[in-house]
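Analysis of the macromolecular model
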Amino acid sequence: MSDVVLSPPSTAARSGSWLTRWRRNPWRKPRILQAVTIGYLLWSLIPVVIAVIFSFNAGRSRSTWQGFSMRWWTGDPFDSLFHDPSLRTAMLQTFRLSFITVLIAVPLGTAFAIGIDRWHGRPARPANFVMLLSFVVPEMILGVSLFLLFTNMLKNLVPLGTPAQILGLATFQMSYPVIIVRARLLSIGPEYEEAAMDLGAKPGQSIRRVLLPLLSPAILASVAVTFADSVDDFVIVRYLSGPANSEPLSVKIYSAARSSPTPAVNAAATVMLLATMAMIIVGYLIYRRYAKGTGDAGDMASFTQL
Amino acid sequence: MEATTTPTTEPERKAKHTKSDTASGAWYPRWYWPSFTGPGTIWMIVLFLLPFYTVLAVAFGTVDPLFRTPLPVYQPWWWSFATFQTTLQKFYVAPAVYQPPLIRTFEYVFVASLICLVIGYAVAYYAARYAGKYRIPILVLLVAPFWISYLMRIYAWQSLLQPDGYVNDILMALGLVSQPVLWLSGKGITVVLGLVYGYIPFMILPLFGSLDRINQNLLEAGRDLGASPSQTFRRVTLPLSKPAILAGLVIVSLPMLGDYYTNNLLGSTRTSMYGNLIDGSVGQAGQGPEAGSLVLILMVIVIVPMLYYLRETRRAAENA
């Protein structure tokens, strides 16, 4: 904004206290908004920073600082994150679930988005509607519904635990690639493929060699978003978890937070945080790199609008 | 298909097909695009629509008398609405044990959504209009909570609000309280602030997107034509951002209505919400139909805002 450099007209609101003058000055800086924004940012991030710091606490407390140590990460031979077998299994389970979810949700979602964008048959609208519905439905409803599905109708087909969790997560996450890829499809239009086919490409070739490369930033962004969101997921994976070794980190953190958490829980949460952040940063960097070549404004704003 | 009724030459028929199949006029067989949509659609039918049908079958089914497991009834003509009715009556027939959590849920969600809106609007407004050269870092920080697990963020507050936590330390150091406040002993305000904290990023991003798109010239025109800053805000900015406000309110209140973990980590049974009712009955012996009924009631509550949100986002996409 450039108007902050303009000086107020000298005749403006000379009367009254400095407060009224300040209030009436149309060129005043938005101090209150600024304060709210800074306050909000501090409020939203400092608790998390403190939680990360407390994973290095020397004592058992997660609320009183007792000095720095690596005890809860690697030091303690039984209770630290990398030695407690249940936390290690949970960590592996988190990454296993997220990885497989991405492998299912992103290809299916991408194909769905391409098909729905180009196909105007009668079933296309309801199919798209159902897909978007899965995006807004509260996770609680979907989680319990899937739990009832897997414990009743598909009782002997899909056991609770990893299989059910993957199916549930993929269902909940599939709308992300659909929305992200479709947004990109809208902006590139069908012309490139048509040109390719005019030049003799078969439909499959035009998809593989023209459309998919054009879509790659959106697909990579979907991979990042889907992975990060799967790591953070809690409601669905909790309802669909079976034996104790199928509980991922998020469920372990929840159970521990309700009983007697040690800073090892903070360490586990920090691992989740690092995993999602790394994924998002990598996704953003790739997105920016690819989007540049296609004349798309690959700035942070367009990435966050996804 | 017209091709079977009116004899046409091969190229003509092809042209006809493509016209009805794709708007672009390229050369694809009829099954080509549906085969892209098919797998995702089948997936959604089996794992999104079928579960809802199972909810109906469980809610309107019975319970195994011996094992107390739900016995779902899949044929609608044999559905029994007895459990659903008893569950429903627990909301309004004395002793109405489910009524307080339901009312509490609406109160909490209402207050929390409003706080989200007020704080979120101010932050989004600042980020969109005044951030200047700090725009990118502010955006990054605004988006960051999105990618921090909800659970970790609530867990962080749970630690801070302990009797010996930093919140009490600060309050006592400032002399505002003489002994630690028991924030986690079932205080409504703690749960509401937890909800605000958890869901406010979902409010800020649509608001930011909308405020950022408002054409500066419109605001300057308003000022040129004699409106005061507050008038410009009330009569130009606010109406232009109204769709985003409503979308934001819907998108934060939908998950809040089903939330149970915020209360489980920050509150007690005194602050239990609708989600706690569901969570308490899921997987419990003999309570299958009741859990199904509770989910069903929640679905009825959220379906209107959900459809509204979908319609608005589609409209926004078409206008863009």
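Residues numbered from 1 in each chain as written. Chains lettered and ligands numbered in written order. Predicted model: local features only at pLDDT ≥ 70, side-chain atom pairs only at ≥ 80, totals over all residues.

Turning next to the overall build of chain B. Helix and strand counts for chain B stand at 14 helices and 2 strands. The C-alpha atoms of chain B give 26 Å as radius of gyration, which overshoots the globular expectation for 320 residues (20 Å, by more than 25%). Split into buried and exposed, the 320 residues of chain B put 42% on the buried side. (Helix = DSSP H or I, 4+ residues; strand = E, 2+ residues; numbered from the N terminus. Rg over C-alpha atoms; globule rule 2.2 N^0.38 Å. Buried ≥ 20, exposed ≤ 12 C-beta atoms within 10 Å, placed from the backbone.)

Bringing the overall build of chain A into the picture now. In terms of helices and strands, chain A carries 14 helices and 0 strands. Reading the helices (α) and strands (β) of chain A from amino to carboxyl end gives α-α-α-α-α-α-α-α-α-α-α-α-α-α. When burial is assessed residue by residue, chain A has 46% of its 306 residues classed as buried. Here the analysis covers contacts within chain A between residues at least 6 apart in sequence; of these, 70% occur between residues at least 24 apart. (Contact = placed C-beta atoms within 7 Å.)

Listed per partner, the contact involves 82 residues of chain B and 78 residues of chain A. Among the elements that line the side of chain B that touches chain A, the one with the most residues is helix H3 (residues 34-59) of chain B, at 17 residues. By residue class, the composition of the side of chain B that touches chain A is 62 nonpolar, 17 polar and 3 charged. (Nonpolar A, V, L, I, M, F, W, Y, C, P; charged D, E, K, R; others polar.)

Further remarks concern the nonpolar core. Judged by nonpolar contacts, the single largest core of 163 residues is most densely connected at Val144(A), Ile253(A), Ala268(A), Met152(B), Tyr155(B) and Ile278(B). Looking at this core, the element that brings in the most residues is helix H9 (residues 188-213) of chain B, giving 14 residues. Lining this core are residues from two domains, each supplying at least three of them: domain 1 (18-54) and domain 2 (85-304) of chain A. Once residues within four sequence positions are removed from consideration, Met152(B) is found in contact with Val48(A), Ala51(A), Ile253(A), Ala269(A), Met272(A) and Leu273(A). (Core = buried A, V, L, I, M, F, W, Y, C linked by C-beta atoms within 7 Å. Domains from an automatic or database assignment.)

Time to look at the domain arrangement of chain A. Along its sequence, chain A is organised into domain 1 (18-54) and domain 2 (85-304). Taking only C-alpha atoms into account, the centre of domain 1 of chain A sits 35 Å from that of domain 2 of chain A.

All names here are of chain B. The peptide bond linking Ala-94 to Pro-95 adopts the cis configuration, its omega dihedral lying at 10°. Looking at the secondary structure, you find Pro-95 in the loop between helix H4 (82-92) and helix H5 (99-129). Positive phi values are uncommon outside glycine, yet Ala-96 reaches one of about 45°.

To continue, consider the packing of H5(B) against H9(B). All names here are of chain B. Their axes nearest at 6 Å, the elements H5 and H9 cross at an angle of 40°. Taken together, H5 and H9 sit at an angle that is classed as oblique. You can see that H5 and H9 cross each other, and the crossing is right-handed. When the residues that make up the contact of H5 with H9 are grouped by side-chain class, the tally is 24 nonpolar, 2 polar and 2 charged. (Axes fitted to C-alpha atoms, helices over the stretch in contact; angles between N-to-C directions. Parallel < 35°, antiparallel > 145°, perpendicular 65-115°, else oblique. Left-handed = near helix turned anticlockwise from the far one by under 90°.)

With that settled, the discussion passes to helix H7 (residues 150-160) of chain B. With 11 of 11 residues buried, H7(B) lies mostly within the body of the structure. Within the span of H7(B), buried status applies to Tyr150(B), Leu151(B), Met152(B), Arg153(B), Ile154(B), Tyr155(B), Ala156(B), Trp157(B), Gln158(B), Ser159(B) and Leu160(B).

Residue and element names in this part refer to chain A. One can describe the packing of helix H4 (residues 85-118) onto helix H7 (residues 162-173) by two numbers: an axis separation of 9 Å at closest approach and a directional angle of 55°. Judged on the interaxial angle alone, H7 and H4 are oblique. The two elements H4 and H7 meet at a crossing, and its hand is right-handed. Here H4 contributes Leu-97, Ile-100, Thr-101, Ile-104 and Ala-105 to the contact with H7, which in turn contributes Gln-165, Ile-166, Leu-169, Ala-170 and Gln-173. Residue composition of the contact of H4 with H7, grouped by class: 7 nonpolar, 3 polar and no charged.

Before going further, it helps to examine the confidence of the model for chain A. Residue and element names in this part refer to chain A. Per-residue confidence for chain A averages 82 on the pLDDT scale, and 88% of its residues sit at or above 70. The secondary structure element of chain A with the lowest average pLDDT is helix H14 (residues 300-304), at 46, and the one with the highest is H7, at 93. Low confidence marks residues 293-306, where pLDDT is under 50. Its contacts with residues over four positions away, or in another chain, come to 22 contacts. (pLDDT = per-residue confidence, 0-100.)

This paragraph deals with the environment of Gly280(B). Residue and element names in this part refer to chain B. The topology assignment puts Gly-280 in helix H13 (residues 274-281). Classification of Gly-280 as partly exposed rests on a count of 17 C-beta atoms within 10 Å. On a C-alpha basis, the gap between Gly-280 and Ala-173 in space is 40 Å, while along the polypeptide they are 107 residues apart.

Moving on to the confidence of the model for chain B. Residue and element names in this part refer to chain B. For chain B, the average pLDDT comes to 83, and 91% of its residues sit at 70 or higher. Here helix H1 (residues 2-5) stands out as the least confident element of chain B, with mean pLDDT 38; H5 is the most confident, with 92. Here residues 1-24 is modelled with pLDDT under 50, and outside its nearest four sequence neighbours on either side it reaches 21 contacts, counting other chains as well. Our summary of model confidence lists the complex with pTM equal to 0.85 and ipTM equal to 0.84.

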